[in-house]
Structure formats: structure tokens, C-alpha cells
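Single-letter residue listing:
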Amino acid sequence: MRRTARDTEETTRTLHRRTLMMGGAMAAMVAILGARMRYLQVDQADEFKLLAEENRINIRLIPPERGLILDRNGRVIAGNEQNYRVVITREAAGDVDLVLRRLAGIIPMTPEELERAIAEVKSLRAFVPVTVAERLSWEDFSKVALNAPALPGVVPEVGLSRRYPLAEDFAHVVGYVGPVSEKDLEGLEQPDPLLRIPKFQIGKIGVERWMEDTLRGKAGTKRIEVNSAGRVMRELERKEGEAGTDIRLTIDAGVQNFAQARLGEESAAAVVMDVTNGEIICIASSPSFDPNLFVRGISHSDYNALMENDHRPLANKTVSGAYPPGSTFKMVTALAALEAGVATPDTRVRCPGYIEFGGRRFHCWKRGGHGTVNLVRSLSESCDVYYYDIAQKVGIDKIAEMGRKLGLGQRFDLPMSAITEGIMPNKQWKLERHKQDWRIGDTINASIGQGYVLTSPLQLAVMTARLASGRAVVPRLVRMINDRELPMDEAPPLGIPAEHLAAIRRGMYEVVNDDRGTAKSSRIVAPTMVMAGKTGTSQVRNITAAEREAGVISNDQLPWNRRDHALFVGYAPYDNPRYAIAVVVEHGGGGSTAAAPIARDIILRAMSDGLPPLEAYPAPQRGRIESMLNELPLRDPATGATTVRTRA
């Protein structure tokens, strides 16, 4: 069929209409796109510029200043010091090996430290700053700054680091800080973001650990501009955090230092408590260690030396050491018998030097015996047979009940590590622990603080404070938090009849002040400072019948670790008790010769403003005591430096 002119014209008009419609649609789309571009580029320019800024701005945490730990008088025992350090960023350094070897030529770095730094820098992302040297002297710090052009990527910085100015004196009490480990993070559902900061330090033991949340503080923040690789370009804004809260302990740094010096290199412990409120005035474990070594990163040789020392310097013997209390336990047995009505202060027991029970002899320390003794004399001369006798009448359950009433067999809630509960055994305890029935022989051993009975020096100090005050005082280590004194309730009465306590105190008085007392050579003659106490010696080995027949080998003829432990507990002043003390000397031999003299010196220091006054000692001893006191390595109160003092 042939197309007509009319058909051609109609087709042309249709095409024109479609072209116009498409053109209009395209124009509309262009107009919409233009309007949208104007909206984005002009109307919303500021908003999108801000979003772009946020994409290149990071927020980082600023570690807060850690709270101080002070003694009762405000002396710093755990503080912070400026730490001049050097950090390097691999991204900016280029040849890390070359730069770090140049750095090692400027500041002191051992080959091991250099290799360790190189390995650490290469193990982390290129833009992460790594600390390669710290605690530099100002001179070395300045050298790094002056040589900056030759050390690309190296930046000298000033931060804060923990410092323990009194070093060994408070190592076991305050503890130390160290870098956060994976073990520290275990069990934390939402750990503080601070704990994720590389090499951020937290408390590891002692007060530093148990009061970590109080001491740590809250992080600050800073807004920094970074490039596409994550490298910091500049700091835009800084908001400081909150410093940790200061803590003031009950301990007197002067008494603590004296106790540490007086214990010397003995494997020993001493605890002094205020009997009126339970405040711990000193709690010293010897030998000690320098906690600053752990903050800085202790060397293998230093750590091995501590671990291999048979005197166990890392152990806090005051709270974690558990020892047979020996004769210092006799007051417990006596009070249990008095309360049960099976004995009175006038009850007399004949001591021939031993008793026989079940075909076995239980010996008194005095081979020939003490003759007939009453309660006061049994304490004064430490007659064992007296307690063997009354213990069988009262029984172990009532003895254990009295021991717990006096603070034994309890774990006290103090911010210290590895606090032992000790063992205050009874019939049920042995059945549960050893699946055995309790025997009379067990009671006889327990009556003089041997057998299953175990106590810590802290518990013995609590026991003595309760005997002296007649109240259930509880040990207290933290006095103030952020200048706010912690509330303290008056300790309730023990519920022990006054006449029973009076008899025990009289016996303890004669231990030190009677001519036949076991601690007579450690008496205090100053009328306002008179001390009462009790010696103790606990065996760490069995003495065979053959050895006893031939003569018991003296402690000084035995290897150190087979000698008896020496103990002493006491309080002063006798007529108005203020301080209680417990001293344990591991393998020290006898309580009267090893522990009592130390206890006397420390409790005199607690009652004095300075060194123990010579007039408090018996006249014949003063020359020797003066020489001993002059040779003690005590700390200078102003500088903290250890010096040997000389009396004027």
C-alpha cells in the first residue's frame, strides 16, 4: 500500500510531539538535579562540612593522675612523679633500625633494650606511638629534643609515673602498680576504657589493688585531627579528667620505718594496733623489697633473687603468714577454762615437767618442771603442764570458741593481699578436714598453741588488743578518703568477766616485770610506759624420745630452717593500755630472746615522738641499746633517704 502525503505529515507531527515531551522531561530532570546540587552545595554546605570534619577527628582518652596514698600524718607513701620519656612512630620514622640506633647513641640504652624496642615498634601499626625509653634524666631528655632533626618520628614527652618514696617500708602494705594484663580484664563485663590504653598501669597487690577504683580516677578526652593513615596532625580540644582520690592510712610512717629497720634481715613480722579503736600503727614484714622495681619493669636477675631468697621477701608475713602461736595462745586456754568454771585464778596444778596420757609423755619446756603453779605464775613462767591439765577439763570446742571471740580463726577485711584465716580447730573442723575424730592428745597440743592451731601476726595483735581493752576491736587500715574521715563505731564489749581479764593481765604483767618472768630482760622501767606481754616458742620439728633423753639440741646448733619460731605479744602502758603488739621471728629460737626485745623497742617507738627514750630501759642495758639504736638505718623524715642516726 502506498503512503499518502497526509500519512507522512501525521507521522511527522507525532514525532515532533514525542520529541518535545522527551525534551521537556529531560529539562525537568536537569532542573531537579540543579536544584538538588544547589541544596547540597550551598544550602547544606555547613552541615556537610561539619560531617567531613568529624570523619577526620578522633577522640582519645587522657589517663588521669592517680590518687596519692598517705600515712596518718599526711606523709606521701605512694605518689606520682614526672616521667621524661621518648616515643617513636614508625610511620614518621622511616628506617626504624637506623633511627633507634641513633637514639641509643644519645641516651643510655642496653643492646637488649634496643632490640626489644625495635621489635615492639615493628609489631604494632605504623601510626601507633611506642614508648622506647622512659625515666630519663633532664639532661638526656634535652639531648633528644636538641637532636630531633636527626631522629624523625621520635618525640620527647612528659608524663606521670608511680613512685614509692619510702621504698621497702610499705611494699607489703601499699603494693605496687603494673601494666594491665589479660588476667586483670577477666570477669569484667564492661571494663573501664582506660584499661585498654597500652601500658596503662593499675594496682597489682596491697592497697593499690584493693582500692584501685578509688585511686584510678576518671579519664579526660582530647579531640585530635588525623590524616587518612591515622597519623595525628594536631590537637583541637582537650578536656581534663578527674584525678584519683587520695587515701590516708592509719599507719605512722616513722613507726613503720623503725619497725622495718629493727626487724633487719630477719624473716619476721611485727604489727602494732591502737587498742582503743583498732587502727594499725605499723604492720611490717621482713625482709622487704623495693616496689619501684616492679613499676619500672623488674629485671630477671632481680626477680630471681627475690624468689630464691629463703626468707621470702615477697610474702607479707603479717597477714598471710600462718604460725603455731605457741605459748602466746595460753591466755585463750586459760580464759576458756575460767569461763567454763573448771578453773579459777587460784586453781593450782603440779608440774613435774610432763604429763602422761595414752602411753605418751607431753613435756613442759622446763625439764625439771615448775612445781605447783596457779594461773598468774603459769603465765609468768610459761608452764605447759598447767595448760595440759585445764585443757582436758574444758575441751577443745570451748577453747576454739574463746579463740574466735579473741579474733583468731578470722579473716579481717583489710585492703591487703592474701589475708589468711588461720586455723582455730575444733572437733567438727577435724572431722570435715581430715575425716578423723578429735583426740585428747590434740587438745593437749592445742592448749599451748601447737598442733593444728595456726595464727597470723595480725590475728595475734587483735587478740592482744582485745585482752588489753576488753572490747572486740577490729583492725582498721584506712583512716580517711579524700580528707573525709571514715566513720568508726565503738567496739562492743567482749562479754568476758572483768575479773577473768584482770587475772590474765596480771599474769602478762609478771611475764615482763617479775624476776621469774620469761621476758624479764625486756621490761620497760619508765613508770608511764610499763609493758605487759607473753612470750611464745613454737616448734617446727618433732623432738624424739632419744633426743630428749640425751638432751634436746639447742636452736643455735640446728640449721636455720629447723629452729623454733619466736613470738611475743604485749601491750602498753599496762595501767592505761594504748598499743598492742605482736612480733613473730621465723626460726628465731626463743620468744624471750628473739621476739620480746624487738617488740619492746617498737612499742616504745610507738609511744614516743622519736627514738625510744634510753631512760625507759633498765640502766645496765642502756649502753648496748644506745649503740643499737644509733646503728639502725632509719629514714630521714624530710628526704626519705636512709641514714644512720647519731644521738646528740
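The structure contained in this document is the topic of the report that follows. (Residues numbered from 1 in each chain as written. Predicted model: local features only at pLDDT ≥ 70, side-chain atom pairs only at ≥ 80, totals over all residues. Heavy atoms only, no water.)

## Side note on the packing of aromatic side chains
Taken as a whole and judged by the stated rule, the model has 13 aromatic pairs. Plain terms: the ring middles of Tyr84 and Phe141 are 4.8 Å apart, the flat faces sit at 40 degrees to each other, and that makes the pair tilted. Residue Tyr84 is found in strand E3 (residues 76-89), and its partner Phe141 is found in helix H6 (residues 138-146); the two are separated by 57 residues along the sequence. By relative accessible area, Tyr84 is classed as buried at 18%. An aromatic cluster is present here, built from Tyr176, Phe289, Phe294 and Tyr303 joined pairwise through their rings. (Phe/Tyr/Trp six-rings, centres within 6.5 Å; stacked < 30°, edge-to-face > 60°. Helix = DSSP H or I, 4+ residues; strand = E, 2+ residues; numbered from the N terminus. Buried < 20%, exposed > 50% of the residue type's maximum accessible area, 1.4 Å probe, protein only.)

## Here's the deal with the sheet that holds strand E20 (residues 565-572)
Overall, antiparallel pairing links the five strands, which are arranged E12-E11-E21-E20-E19 in an open sheet. Looking at which strands have only one partner, the edges of the open sheet turn out to be strand E12 (280-286) and strand E19 (532-538). The mean angle between the axes of side-by-side strands here comes to 5 degrees, regardless of whether they run parallel or antiparallel. Relative to strand E21 (residues 579-585), E20 is paired through seven bridges, and the arrangement is antiparallel. Bridged to Ala572 within E21 is Tyr579. Helix H24 (residues 591-607) contacts strand E11 (268-274), E12, E19, E20 and E21 of the sheet and is inclined by roughly 145 degrees relative to E21. (Pairing = 2+ DSSP bridges. Axes fitted to C-alpha atoms, helices over the stretch in contact; angles between N-to-C directions. Contact = heavy atoms within 4.5 Å.)

## Considering helix H11 (residues 253-263)
The periodicity of an α-helix, 3.6 residues per turn, causes residues three or four positions apart to be oriented the same way. A large share of H11 lies buried, amounting to 10 of its 11 residues. What H11 keeps buried is the set Ala253, Val255, Gln256, Asn257, Phe258, Ala259, Gln260, Ala261, Arg262 and Leu263. Elements that come into contact with the buried residues of H11 comprise helix H7 (171-174), E11, E12, H24, helix H25 (622-631) and strand E22 (633-635). Looking at the residues trailing H11, positive phi occurs at Gly264, about 60 degrees.

## A word on the pattern of salt bridges
Between side chains of opposite charge, a pair can form when the charged atoms approach closely. On inspection of all chains with the given rule, the structure shows 29 salt bridges. The salt bridge partner of Glu208 is Arg162, with a shortest N-O separation of 2.9 Å. Placement of the pair is Glu208 in helix H9 (residues 206-210) and Arg162 in strand E5 (residues 154-163), with a sequence separation of 46 residues. Glu208 gets classed as buried once you look at its relative accessible area, which sits at 0%. What makes Arg162 buried here is its relative accessible area of 4%. Arg523 is the partner of Asp515 in a salt bridge, and the nearest nitrogen-oxygen pair spans 3.6 Å. Look at the salt bridges and you will find they share partners, linking Arg66, Arg162, Asp192, Glu208, Glu212, Asp213 and Arg216 into a network. (Salt bridge = Lys/Arg side-chain N within 4 Å of Asp/Glu carboxyl O.)

## With respect to the pairing of E11
Remark: a regular strand shows side chains that alternate across the two faces of the sheet. Counting buried positions over the seven residues of E11 gives seven, a clear majority of the element. Residues of E11 alternate between two faces, with Ala268, Ala270, Val272 and Asp274 on one and Ala269, Val271 and Met273 on the opposite face, all of them buried. Linking two consecutive strands that pair antiparallel, namely E11 and E12, is a turn of five residues; a positive phi of about 85 degrees is found at Gly278 within it. The pairing of E11 with E21 spans seven bridges and is antiparallel. Across the sheet, residue Ala268 finds its bridge partner in E21, namely Val585.

Everything listed here is a matter of coordinates, which is why it stays silent on function.
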